[in-house]
Amino acid sequence: DVKVTQSSRYLVKRTGEKVFLECVQDMDHENMFWYRQDPGLGLRLIYFSYDVKMKEKGDIPEGYSVSREKKERFSLILESASTNQTSMYLCASSLSAASLAKNIQYFGAGTRLSVL
Amino acid sequence: AQSVTQLGSHVSVSEGALVLLRCNYSSSVPPYLFWYVQYPNQGLQLLLKYTTGATLVKGINGFEAEFKKSETSFHLTKPSAHMSDAAEYFCAVSGAWDGNNRLAFGKGNQVVVIP
């Protein structure tokens, strides 16, 4: 089974802190994604990556950056956390860049981040 | 841009009754369509998907969905609800628009099953 592991289930940070959310997948998937999930808004794509050191902005990239130094690891970085970034963050991966649309995305359990 | 509409953020259904969750999408090209389910305190997992071929798609846990191109719909059904079906359900669509084949999600339906 594909396993997508997010390093923390719950995280509490203070306004202005630099926050790192880590995601690791164990199935040699090429694509990795970071989403934000808020009640009534569904999932919104922050960034995605289709290869090591490659990244693309999603729908809501402002205030976030990402890093993919190794194929299995995709990090989401909040440079200076703000209260409006309090949310559930979901990481996902999928197999191939060749047919991105057909690929099933596999999700981690999520990190619930509170910024105080 | 592509979009997905799921009406009714909260859906209540009696145990044993039909589950019907509606999904409509906008797309100028043939879409790929997905339903995902999120159980409490878990990530999303795939229920079923449509890419090509038969328009009635069967998924896990007794769920199925039918792609209707003329109605731009991909509604999810289950004949008889079980308590374990209480979860949040997301419809998603992707296709070759804007050069990026990304998933666009609907806002979700929180399903409550009443004993």
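Anything mentioned here points back to the structure above.
Reference entry: report on the structure contained in this document. This structure is a prediction, so every number in the text was calculated from the model and none was measured.

### Looking at the sheet that holds strand β8 (residues 73-78) of chain A
Residues and elements named next belong to chain A.
Reasoning step 1: Spatially, the 4 strands line up as an open sheet ordered β1-β3-β8-β7, and their pairing is antiparallel. Strands at the two margins of the open sheet, each flanked by one partner only, are β1 (4-6) and β7 (64-70). In this sheet, neighbouring strand axes are inclined to one another by 20° on average, regardless of whether the strands run parallel or antiparallel.
Reasoning step 2: As judged from the 6 bridges shared by strand β3 (residues 19-25) and β8, these two strands associate in the antiparallel manner. Residue pairing for β8: C23 is matched across the bridge by F74.

### Some points on the environment of L76(A)
All names here are of chain A.
Reasoning step 1: In this structure, L76 sits in strand β8.
Reasoning step 2: L76 sits 53 residues away from C23 along the chain, and the two C-alpha atoms are 8.2 Å apart.
Reasoning step 3: In this view, L76 contacts V19, F20, L21, W34, I46, Y64, S65, V66 and Y89; residues no more than four positions away in its chain are not counted.

### Re the interface of chain B and chain A
Reasoning step 1: The interface of chain B with chain A comprises 22 residues on the first partner and 23 residues on the second.
Reasoning step 2: Of the roughly 1800 Å² buried at the junction of chain B and chain A (both faces included), carbon and sulfur atoms supply 57%.
Reasoning step 3: Inspection of the chain B/chain A interface yields 0 salt bridges.
Reasoning step 4: Counting across the interface, chain B meets chain A through 3 residue pairs in polar contact (both at pLDDT 80 or more).
Reasoning step 5: When contributions to the side of chain B that touches chain A are tallied by element, the ones reaching two or more residues are β5 (32-38), β6 (44-50) and β10 (87-94) of chain B.
Reasoning step 6: No other element matches β5(B), which puts 4 residues into the side of chain B that touches chain A.
Reasoning step 7: Counted by class, the side of chain B that touches chain A contains 8 nonpolar, 10 polar and 4 charged residues.

### Remarks on the side chain of S73(B)
Residues and elements named next belong to chain B.
Reasoning step 1: Mapping S73 onto the fold places it in strand β9 (residues 73-78).
Reasoning step 2: Judged by its relative accessible area of 1%, S73 falls in the buried class.
Reasoning step 3: If near-sequence neighbours (up to four positions away) are discounted, S73 is found in contact with C23, N24, Y25, E66, F67 and K68.

### Side note on the pattern of salt bridges
Residue and element names in this part refer to chain A.
Reasoning step 1: Counted under the stated rule, the structure contains 7 salt bridges over all chains.
Reasoning step 2: With its nearest N and O atoms 2.8 Å apart, the salt bridge here joins R36 to D38.
Reasoning step 3: Exposure remark for D38: the relative accessible area of 12% places this residue in the buried category.
Reasoning step 4: R44 is the salt-bridge partner of D38, the closest N and O atoms lying 2.8 Å from each other.

### What to know about the packing of aromatic side chains
Reasoning step 1: Using the criterion set out here, one finds 13 aromatic pairs over all chains in the structure.
Reasoning step 2: Seen from their ring centres, F33(A) and Y35(A) are 6.2 Å apart, and the 25° between their planes marks the pair as stacked.
Reasoning step 3: Judged by its relative accessible area of 1%, F33(A) falls in the buried class.
Reasoning step 4: Under the relative-accessibility criterion, Y35(A) is labelled buried at 1%.
Reasoning step 5: Taken together, the aromatic side chains of F33(A), Y35(A), F48(A), F107(A), F34(B), Y36(B), F90(B) and F105(B) make up a single cluster linked through ring pairs.

### Looking at the state of the cysteines
Reasoning step 1: One pass over the full model with this rule turns up 2 disulfides over all chains.
Reasoning step 2: There is a disulfide in this structure between C23(A) and C91(A), and the S-S distance comes to 1.9 Å. Judged by the torsion about the S-S bond (-80°), the C23(A)/C91(A) disulfide is left-handed. Separated by 68 residues along the polypeptide, C23(A) in strand β3 and C91(A) in strand β9 (residues 87-94) bring together distant segments of the chain. The exposure classification of C23(A) matches that of C91(A), with both residues buried.
Reasoning step 3: The disulfide that involves C23(B) links it to C91(B), with 1.9 Å between the sulfurs. What sets the handedness of the C23(B) and C91(B) disulfide is the S-S torsion sign, and at about -65° it is left-handed. Remark: C91(B) occurs in strand β10 and C23(B) occurs in the loop between β3 (19-21) and β4 (24-26); sequence separation between them is 68 residues.

Thresholds applied
- Residues numbered from 1 in each chain as written.
- Chains lettered and ligands numbered in written order.
- Predicted model: local features only at pLDDT ≥ 70, side-chain atom pairs only at ≥ 80, totals over all residues.
- Heavy atoms only, no water.
- Pairing = 2+ DSSP bridges.
- Helix = DSSP H or I, 4+ residues; strand = E, 2+ residues; numbered from the N terminus.
- Axes fitted to C-alpha atoms, helices over the stretch in contact; angles between N-to-C directions.
- Contact = heavy atoms within 4.5 Å.
- Buried area = accessible area lost by both parts, 1.4 Å probe.
- Salt bridge = Lys/Arg side-chain N within 4 Å of Asp/Glu carboxyl O.
- Polar contact = N/O pair within 3.5 Å; in protein donor to acceptor, adjacent residues only side chain to side chain.
- Nonpolar A, V, L, I, M, F, W, Y, C, P; charged D, E, K, R; others polar.
- Buried < 20%, exposed > 50% of the residue type's maximum accessible area, 1.4 Å probe, protein only.
- Phe/Tyr/Trp six-rings, centres within 6.5 Å; stacked < 30°, edge-to-face > 60°.
- Disulfide = S-S within 2.5 Å.

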